[in-house]
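Here is how the chains run, residue by residue.
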Amino acid sequence: MKPTYSTSKSCPQVMRRSSLLPLLLAISLGAANMAPGQTTIDTIAVDDVQRGDKGYGLSVFSGTAPERFDVEVLGLMRNLHPGTSFILARLHGKGLEDSGVIAGMSGSPIYLGDQLAGAVAFSWTFSKEAIAGITPIGAMREMGSLPRVPAIPPPSSVELEQLMSGEFSTLVLQERIAQLAPRLVNGANSSLQWGTVGFGESTRSLLEKALGPVAPAGSSPDLDTELAAGSAVAGLLVGGDLQMTFTGTVTERRGDEILAFGHSYMGLGPIRVPMATAEVVSVISSRSSSFKLANVGPVVGAFEEDRLVGMLGRMGSRAHTIPLSIRVLGTPERSYEVEVADIPINTPTLSAVSVLEAMDVARHQAGNQDLLLRARLKLAGYEELDVEQHFTGNNAPLNSAIYVLSLMSFVMNNNTESVTVEGLDIELTQSPEPQTVTLVGAHASRSEVHPGESLTVHLDLRRFRGETFRKDLEVTVPGDLAKGPYYLFVGDGASIDAARLRMEPTVPRDFSESFDVLQSQHGPRDLVVLGVVRGKGLVVNGRTLPQLPASIRSMWAASGPLVAKGVNLAVRNETVEVLDDPLEGAVRIDLKILPPRS
C-alpha cells in the first residue's frame, strides 16, 4: 500500500528538490498529518534485507532540513541481542567518507528502495569507513506495545554514616556519570551526541572522561521547526539556565508518536524526559569521533519509552522535572534556575553536575579554597530537610557536588519508601582561602570528677596560616553516673555525628526514621562534646539503653538485629556551642568518675 501525504506543512528546502518531492514529503511529512485510517511509509523486514541492497538515509547536516546520504548494505549481524538482529551498512555522501558516522546521527532513518528499513544506531571509533549498525524499524515500532513496567533503581549504596560525615571517594561522581552512557554491543559507540549549554571546560572535561565527546551547544528557544523523519531531536536531562542534552535524529513520526535514536538511553523502560527540537550549526570532523554542533530548541513533548532498540516520544506530552535552584554567594552573586529530569537512578548525578558547573561558571573550581554548602530539600509528605556541610582544600567544589549526589541518592533510592522530590535549593559560599578553625588539641581542667560536677575543657585551635589560640568550654557531668571511666568526644559536628553513629548504630526501619536522623545532624560551625560511658547495652528502635544486665540483653537480642543492636559505648550527655567559623578535627579526653560526694 502506498503512503498518503499532505503538502500543507511543506518544507521549502525539500520542495526545491523537485525530483525527490513526492518521496521526501511522504517520508518526512506524511506521518505528521495522518488522519484516522491512513497508513505510514512501507517497511522492509530485517530478514528480507540482502547484502548489496542500496538505498539512502536522512539526517540534518546543517540547519533543520533533513538531507540525503547513500547507503549500501554489508550484511546482517544476527541475534546480536537475543531476538534482535541488526543491519550493517556502509554510508556515503555528505562528507561521510572523511568524517565517518557522525555523533548525532543516531536514529537517522534508512530506506532501501522506498521502504523504511531502520535507524542508524552505532558505529566504531577510529573506523576508516562510515560503517554503521542499523536497528530494524520493526523492532522500534514494537516499543509502544511493550508492557509499561518501570525500572526500579538499585538501592542507594550511601550509608547514613557517610552522609553525616560528608566523606566520599572523589571518583564516585565520574563513575556515576559513566552510567548515563547508552548500553550497546561490546566495542561499539552510539551515534548519540552529548551537548551542554552554559557549561565551562572543567565540567565538560569531567563529562567527556566518562561519556566521550561532549559538544558545546547553544539554546534557540524561538526555533520554529517541525519534527519529522530525519529531523534533529534532543532529550533534555538538565534544562533552564544550564542544559545537558543528548541529541540524535527522528526515525519516524506517526501522528504524535516519535521514534528516535535506534538505541536506548539506559534501557529504563517507561521514562519521562523532556523532548525538544534542534538545529545543526555544523559538523565537526574528527579522526576519533565526528560530531554535530547543535542548538537546542523549545520543548515540544516528552520521551516516554527507553528501550534497547530506541526511544519513543510523544508530541504535547509533559515530563515532570525537579526544580533545582543554585545560588553562589560572593562578588558578584550568581543564581541559576535549573530543571532536572526526574529519573531516580540519574537525577542525583545530574543535580551534582549542575552544582559543580554553577561553581565553575560563577566562581572557580580549582585551587585551595573554602566552601560552605547549605541544601534545602523539599519532599512530598515531609518537612523541608535542611542540611549544611563544609568543605575545604583543592577538592572542595568536587566534594560538595559529590555530597549533593549522595544526599539525593540516599533520598530517592532508599529501599523503604518511594519519595517524591519537589525541589532542591542549594546555597554555596566560596572563600578564596580556608576559613576553617582546626582543633589541634584538648584537655580537661582535671581528670577526676564527681557526678554532677562541672569542669573546664581547654581547646587548642588554629586558623589557616594563623597562630594557635585557646578556647574554654564548661561541661557538666551527669549526676547519676556510676564510678568508672568516662570519655569526652570533642570535635566538629560532622565528625561527632559520625562517631555517634558508630557508637550507637542506627538501623532506620523506614525513611521517616532516616529523615529524623538527617534532620538532627549538627552544622559545620557546631562544637560538640559527647559524654560517653562504657558498658554493655542495646539500641532499641533508635533509643539507647546502656549498661543493661546480661539477662535483659539476651532477651532483646533474641528479637533480631533489626529490633535491637548491641553497643559497648553509650552517649550520656551532649554539649553544643556554635562558633563563628567552621570547625575541623576531633579528640578524646579520658576522665575518671569518682564516687558521689557524701
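Residues numbered from 1 in each chain as written. Predicted model: local features only at pLDDT ≥ 70, side-chain atom pairs only at ≥ 80, totals over all residues. Heavy atoms only, no water.

Moving on: the nonpolar core. Membership of the largest hydrophobic core comes to 84 residues, with the highest contact counts inside it found for L173, W194 and Y265. Considering each element in turn, this core owes the most residues, 12 residues, to helix α9 (residues 396-412). Ranked by size, the runner-up nonpolar core spans 24 residues in total, among them V449, V490, I589 and I593. (Core = buried A, V, L, I, M, F, W, Y, C linked by side-chain atoms within 4.5 Å. Buried < 20%, exposed > 50% of the residue type's maximum accessible area, 1.4 Å probe, protein only. Helix = DSSP H or I, 4+ residues; strand = E, 2+ residues; numbered from the N terminus.)

This part takes up helix α11 (residues 511-519). Those residues of α11 lying buried are F511, E513, S514, F515, V517 and L518. Next to the buried residues of α11 lie α5 (160-165), β19 (369-379), β20 (385-393) and α9. Where α11 starts, the residue carrying a side-chain oxygen 3.2 Å from the main-chain nitrogen of S512 turns out to be D510. (Contact = heavy atoms within 4.5 Å. Polar contact = N/O pair within 3.5 Å; in protein donor to acceptor, adjacent residues only side chain to side chain.)

A contiguous patch of negative charge, built from E383, E417, D510 and D516, is present on the exposed surface. The exposure class of E383 is exposed, given its relative accessible area of 59%. (Patch = residues over 30% accessible without salt bridge, like charges linked within 9 Å, V, L, I, M, F, W, Y side chains within 5 Å. Areas by Shrake-Rupley, 256 points an atom, 1.4 Å probe, with all protein chains shown as cover. Salt bridge = Lys/Arg side-chain N within 4 Å of Asp/Glu carboxyl O. Lys, Arg positive; Asp, Glu negative; His and termini not counted. Charge placed at Lys NZ, Arg CZ, Asp CG, Glu CD.)

Right, let's talk about the environment of V421 for a bit. By the element assignment, V421 lies in strand β21 (residues 421-431). Excluding residues within four positions of it along the chain, V421 makes contact with H320, I322, L377, K378, L379, M408, V411 and M412.

This part is about the sheet that holds strand β30 (residues 583-584). Spatially, β25-β24-β22-β30 is the arrangement adopted by the four strands of the open sheet, whose pairing is mixed. The strands lining the two open edges of the sheet, one partner per strand, are β25 (468-476) and β30. Sheet analysis places strand β22 (residues 437-444) next to β30, joined by two bridges and oriented parallel. Directly across from T438, in β30, lies its bridge partner E584. (Pairing = 2+ DSSP bridges.)

So, about the pattern of salt bridges. Scanning the entire structure with this criterion turns up 27 salt bridges. R500 serves as the salt-bridge partner of E574, at 2.8 Å between the closest nitrogen and oxygen. In this pair, E574 sits in strand β29 (residues 564-578) while R500 sits in helix α10 (residues 493-503), placing the two residues 74 residues apart along the sequence. Judged by relative accessible area, E574 falls into the partly exposed class, the value being 34%. Assessed through its relative accessible area of 30%, R500 is described here as partly exposed. The partner of D590 in a salt bridge is R588, and the shortest N-O contact between them spans 2.9 Å.

Every buried residue belonging to helix α7 (residues 201-211) is among T203, R204, L206, L207, A210 and L211, and all of these are buried. An end-on view of α7 places all buried positions within 155° of arc, on one side of the element. Residues of α7 that are exposed and angled more than 90 degrees away from the buried face: E201 and K209. Two residues or fewer after α7 comes G212, characterised by a positive phi angle close to 90°. (Arc of directions from axis to C-beta.)

Moving on: the side chain of T245. Take T245: it is sitting in strand β12 (residues 243-254). The residues touching T245, leaving out its near neighbours within four places in the chain, are Q193, W194, G195, G235, L236 and V296.

What follows covers the pairing of strand β1 (residues 54-59). Most of β1 is tucked away, with five of its six residues classed as buried. Here β1 runs beside strand β4 (residues 109-112); their pairing, made up of three bridges, is antiparallel. Counterpart to G55 in the pairing with β4 is L112.

Turning next to unusual backbone geometry. For K94, which is not glycine, the phi torsion reads 55° and is therefore positive. Tracing the sequence through the fold places K94 in the loop between β3 (84-92) and α3 (96-99). Judged by relative accessible area, K94 falls into the partly exposed class, the value being 41%. Phi at R465 takes a positive value of approximately 55°, unusual for a residue other than glycine. Structurally, R465 is set in the loop between β24 (454-463) and β25.

Per-residue confidence for the chain gives a mean pLDDT of 83, with 84% of residues at or over 70. The low-confidence segment residues 1-39, where pLDDT is below 50, has 56 contacts with residues more than four positions distant or belonging to other chains. In this model residues 547-563 is a low-confidence stretch, pLDDT under 50, and it forms 22 contacts with partners more than four residues away in sequence or in other chains. (pLDDT = per-residue confidence, 0-100.)

We now examine the packing of aromatic side chains. Scanning the model with the defined rule gives 13 aromatic pairs in all. Judged by centre distance (5.6 Å) and plane angle (70°), the ring pair of F86 and F122 falls under edge-to-face. Residue F86 is located in strand β3, and its partner F122 is located in strand β5 (residues 115-123); the two are separated by 36 residues in the primary sequence. By the burial criterion, F86 is buried, and F122 matches it. Judged by centre distance (5.5 Å) and plane angle (85°), the rings of F122 and W124 are edge-to-face. Owing to a relative accessible area of 2%, F122 belongs among the buried residues under this scheme. Members of the aromatic cluster, each reached through a chain of ring pairs, are W194, F246, F261, Y265 and F303. Cation over ring: R68 sits above Y56, and NZ or CZ is 3.7 Å from the ring centre. (Phe/Tyr/Trp six-rings, centres within 6.5 Å; stacked < 30°, edge-to-face > 60°. Lys NZ or Arg CZ within 6 Å of the ring centre and 35° of its normal.)

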